[in-house]
Amino acid sequence: MALKMYDLCGQEPERRFSPYCWLVKLVAAHKQLPLETTPLPFTDKASIAFADWKQLPVLTDGDTTVVDSWQIIQHLEAQYPAHPVAGSADAMGQAMLIKLCIEFNVMGPLLRSVILDIHDHLAPADAAYFRETREARFGATLEDLQGGRESHRVALYGALAPFRVTLKRQAWLSGGSVGLADLLLFASFMWARSVSDFQLLNADDPVYAWRDALFTQCGALTTDSVGYEFSDAGYSV
Ligand SMILES: N[C@@H](CCC(=O)N[C@@H](CS)C(=O)NCC(=O)O)C(=O)O
């Protein structure tokens, strides 16, 4: 078995920030699968042309190529069933709902909070590409988007309500042990952490303690990459 993944990087090759790539790295680590990563900037589409795909992550497992983080996770669960992150097709299906809640509600305010920080960590060609594509997508400049980060943080606080209340009732989003629901949300926080020291969470937020517990649990994976320590101080909503 040789699992290899193309991993989105910033100007420094070791700065890896894509939430979807983080998700695959976290799932592989949970499953105790060695995963070799190759850094790739946004604008190097030629290196993944073999996969007929323009986004990262792209995984190769021997002769098999798998694109899209969700398909990659399904592949890993099917091929390497030990240490499951979901454990069944039904559990995987339920995690899809969590994934979509995060993508629809959490990732928007989170991205807007750090979007200029992402830009500022990119190599020049990537920075120009990122600005052009994201400003067209959002209809605003990166400066204006991130300039409203205090209100995005309030929106993020609201979007995290179901997660916060869940964590008041149980240790992990997946229940009694870490599973895919936890890794889905944690990957989004790793996205921010890899590029920004903006304070996203109040220190007395149960989500803060949960995130800290995952840092401890994930160990070197989350600390070896270039990243910022979260220095979240209190904020009120
Ligand atoms: N549905 C895809 C989304 C992947 C995705 O959006 N990746 C971004 C990086 S976070 C990307 O590669 N974007 C390429 C681009 O903007 O050119 C997945 O889950 O893998």
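As the structure is a computational prediction, the values presented were derived from the model and not from experiment.

## Structural notes on the site of the ligand
- In the vicinity of the ligand lie 13 residues, with Ser18, Tyr20, Gln55, Leu56 and Ser69 positioned nearest.
- Looking at the shell around the ligand, the elements that each hand over two or more residues are helix H1 (19-30) and helix H2 (69-79).
- A per-class count over the shell around the ligand returns seven nonpolar, four polar and two charged.

## Here's the deal with H2
- Buried within H2 are the following residues: Ser69, Ile72, Ile73, Leu76 and Glu77. Buried residues of H2, seen end-on, are gathered within an arc of 135° and therefore sit on one face of the element. The exposed residues of H2 that point more than 90 degrees off its buried face are Gln71 and Ala78.
- For H2, the elements touching its buried residues are H1, strand S3 (58-61), strand S4 (64-67) and helix H3 (89-120).

## What about the domain arrangement of the protein?
- Looking at the assigned domains, one finds that the protein contains domain 1 (3-79) and domain 2 (89-224).
- Look at where the C-alpha atoms of domain 1 and domain 2 centre, and you get two points 19 Å apart.
- Facing the 19 residues of domain 1 at the interface are 21 residues of domain 2.
- Among the secondary structure elements, those contributing two or more residues to the side of domain 1 that touches domain 2 are H1 and H2.
- For the side of domain 1 that touches domain 2, the element with the most residues is H1, which contributes eight residues.
- Of the residues assigned to the side of domain 1 that touches domain 2, the class counts are nine nonpolar, six polar and four charged.

## Overview of the packing of H3 against helix H4 (residues 124-138)
- Two elements in contact, H3 and H4, have axes separated by 8 Å at closest approach and are oriented at 150°. It follows from the interaxial angle that H3 and H4 lie roughly antiparallel. Contacts between H3 and H4 involve Ile115, Ile118 and His119 from the former and Ala127, Phe130, Arg131 and Arg134 from the latter.
- In the contact of H3 with H4, the residues fall into four nonpolar, one polar and two charged.

## Re the nonpolar core
- Among the nonpolar cores identified, the biggest contains 60 residues, and Met5, Leu23, Val24, Val27, Leu183, Leu184 and Ala187 are the most heavily contacted of them.
- A total of 11 residues in this core trace back to one element, the largest contributor, which is helix H8 (residues 180-193).
- Counting contributing residues, this core receives three or more from each of domain 1 (3-79) and domain 2 (89-224).
- Look past the residues within four positions of leucine 183 in its chain and what remains in contact with it is Leu23, Leu26, Val27, His30 and Val85.

## Details of the sheet that holds S4
- Spatially, four strands are ordered S2-S1-S3-S4 in an open sheet, and the strand pairing comes out mixed. Looking along the sheet, the strands with just one partner apiece sit at the ends: strand S2 (35-40) and S4. Strand-to-strand twist of the sheet, defined as the mean angle between neighbouring strand axes without regard to direction, takes the value 20°.
- Bridging between S3 and S4 involves four bridges; their strand directions are antiparallel. Bridging from a neighbouring strand, leucine 59 pairs with valine 66 of S4.
- Strands in contact with H1 are strand S1 (3-8), S2 and S3; relative to S1, the strand with the most contacts, it is inclined by about 150°.

Rules used throughout
- Residues numbered from 1 in each chain as written.
- Predicted model: local features only at pLDDT ≥ 70, side-chain atom pairs only at ≥ 80, totals over all residues.
- Near = placed C-beta within 6 Å.
- Helix = DSSP H or I, 4+ residues; strand = E, 2+ residues; numbered from the N terminus.
- Nonpolar A, V, L, I, M, F, W, Y, C, P; charged D, E, K, R; others polar.
- Buried ≥ 20, exposed ≤ 12 C-beta atoms within 10 Å, placed from the backbone.
- Arc of directions from axis to C-beta.
- Contact = placed C-beta atoms within 7 Å.
- Domains from an automatic or database assignment.
- Axes fitted to C-alpha atoms, helices over the stretch in contact; angles between N-to-C directions.
- Parallel < 35°, antiparallel > 145°, perpendicular 65-115°, else oblique.
- Core = buried A, V, L, I, M, F, W, Y, C linked by C-beta atoms within 7 Å.
- Pairing = 2+ DSSP bridges.

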